[in-house]
Amino acid sequence: MRIEGFSTGESSPAAAAAALVARIRLLGGIPDFIFIATSHPGGGDEIREVLMAQLPGSPFLGTTSEKGGFANDPQMFDDRPALSALIFFDPSGAYAVFSGLLGTGGTESVRHDAEAALERAGRKGEMPDLIFFLFGNVIHQQPLLAQFEAMFGRSVPIFGGGSGKAGDSTCCFTPEGCHSDGDYYAAVLFYPSCCVVTRYRNFFGLSSQGGFISRSEGCRIMEINNRPALDMYREWLTNYFPRDILMRNDEILRELINSHPLGVPTGMSADDVNYQNFCITDLGSDGTLITYAHLRNRTRVVLLLPLGRDETVARYRQTLECNAMRKNMGEILGMLTVTCFLLREQLMPGDVSFLADLENPVAGFFSRGEHGRFSNDVNADSNLMMANIIFCTENWV
């Protein structure tokens, strides 16, 4: 098995796809799977058309992203149209790719799509080593996670993220089609002939402020510690910002919610405390906090604090370099990474120069909402995170 990386700054989607095909021809062999990330808005149809014509029979999964993709080439961070890819040559493995639209029936069609993909890949009835899926609207993230866990259990790692938000000109594309209306998903079930190691990294620090949700309904947190949730949240922030400003101006609060989300601790890892991030999407006029996902009563939440830029960049680099883990993983063949789009806004071109020095290919995209597997084997959605999949020759525990 081998994995090759690729990136190009060709200005049109068709030219970028043609450059990818040309590179594959030079590498020799027929790809067994291709992951593609592109910042060409609405370019999925053109890229898919080229791949279907030039590489018939090679499964692929592609996504557009408003913040683009990235690869070993640091120039991918220049805010220009670009395309990056991971190319898998793995005749002993299998990659079951499928995609579709989520209509009024919710995720019920996903099971049928997955079964058809497994039939094509010759792996019907076998448990995958990894599930990777994308979605076009964050409201589908939790239902899709639940559907995959119902199909394959809780022990299979599930990684991926959102390619955009409702109303964006984003899409995903596979041999089954190009989907761009927001209510789409795409997935690949990995059966590689190598080991798979997963990491899920946070870019926030824990504060000492926290409490238990005492009343909630759907995405609305009504009370924390038996007090109105907004009052409790505001009180926590007064430890870091002037009380008089926070008390009289909700617009100031709205400016802080992205950088001060709620966290739910889930255990420990070798790096730090693992916790899910839950972004507050708005402040209710009735004193509630509105989040993008459901949080149940009696859940413990803590206020999360942003890291400084230097620490954020250092953690980003540390996660991709994996120096502390390399001796336990044999040879790293490649990495597939999903990173929150808000982190992209903090990275400068000079911060990512180290990517060119990595010995292994890396590719990924900047997402809205990430999902991965925490250290206690919980597959969960989160936000403001980095989900990293490492393909290597030896397993690491």
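Summary of the structure given here. One numbering rule holds for all chains: residues counted from 1, following each sequence as written. Side-chain atom pairs in this predicted model are given and counted only at pLDDT of 80 or more, local residue features only at pLDDT of at least 70, and totals for whole chains, interfaces and linings cover all residues. To obtain the side-chain values, all non-hydrogen atoms of the structure were included, while hydrogens and water were left out.

Some points on the overall build of the protein
Starting at the N terminus, helices and strands are each numbered in turn, a helix being any DSSP run of H or I of at least four residues and a strand any DSSP run of E of at least two. Regarding its fold elements, the protein presents 10 helices and 25 strands. Radius of gyration here uses only the C-alpha atoms, and the compact-globule reference equals 2.2 Å multiplied by the residue count raised to the power 0.38. Computed over the C-alpha atoms, the radius of gyration of the protein is 21 Å, within 12% of the 21 Å expected from 2.2 N^0.38 for a compact globule of 397 residues. Judged by the C-alpha coordinates and their principal axes, the protein covers about 65 × 45 × 40 Å. Three labels apply to residues, based on accessible area from a 1.4 Å probe with only protein chains included: buried if under 20% of the type maximum, exposed if over 50%, partly exposed otherwise in between. Within the span of the protein, comprising 397 residues, buried residues form 57% of the whole. Two residues form a contact once any of their heavy atoms are found within 4.5 Å. Pairs at least 24 residues apart make up 80% of the contacts formed inside the protein by residues separated by at least 6 positions. Surface accessibility follows the Shrake-Rupley procedure with a 1.4 Å probe radius. Residue values consider only the protein chains on display as shielding. Looking at the protein as shown, the accessible area adds up to about 15700 Å², and 48% of this sits on carbon and sulfur atoms.

A closer look at the pairing of strand 21 (residues 332-340)
Among the nine residues that make up strand 21, nine are buried, leaving the element largely enclosed by the rest of the structure. Strand pairing requires that DSSP identify at least two bridges connecting the strands. Relative to strand 25 (residues 385-392), strand 21 is paired through seven bridges, and the arrangement is antiparallel. Its bridge partner lying in strand 25, glycine 334 is registered against phenylalanine 391. Where strand 21 meets strand 22 (residues 362-367), six bridges bridge the pair, whose relative direction is parallel. Across the sheet, the residue bridging to cysteine 340 is serine 367, located in strand 22.

Regarding the sheet that holds strand 10 (residues 177-179)
By definition, the strands of a sheet pair up through backbone hydrogen bonds, in either a parallel or an antiparallel sense. With respect to topology, six strands assemble into an open sheet ordered 1-5-2-3-9-10, the strand pairing being mixed. Looking at which strands have only one partner, the edges of the open sheet turn out to be strand 1 (2-8) and strand 10. Between one strand axis and the next, the sheet turns through 10° on average, direction left out of account. With three bridges connecting them, strand 9 (residues 172-174) and strand 10 associate as antiparallel partners. Directly across from threonine 174, in strand 10, lies its bridge partner glycine 177. Sheet strands in contact with helix 1 (residues 13-27) are strand 1, strand 2 (33-38) and strand 5 (83-89), and its direction is about 145° off that of strand 1. Lines are fitted to the C-alpha atoms to define the axes, a helix being fitted only along its stretch in contact, and any angle between axes, read from their N-to-C directions, falls within 0 to 180 degrees.

A word on the packing of helix 1 against helix 2 (residues 44-54)
Direction vectors running N to C along helix 1 and helix 2 enclose 30°, while the axes themselves pass 8 Å from each other. One finds that helix 1 runs roughly parallel with respect to helix 2. Read as a crossing pair, helix 1 and helix 2 show a hand that is right-handed. From helix 1, Pro13, Ala14, Ala17, Ala18, Leu20, Val21 and Arg25 reach across to helix 2, where they touch Glu46, Ile47, Val50, Leu51 and Gln54. Oblique is the label for every angle not falling under 35 degrees (roughly parallel), over 145 degrees (roughly antiparallel), or within 65 to 115 degrees (roughly perpendicular). We call a crossing left-handed when the near helix sits turned anticlockwise from the far one by less than a right angle, and right-handed when that turn is clockwise.

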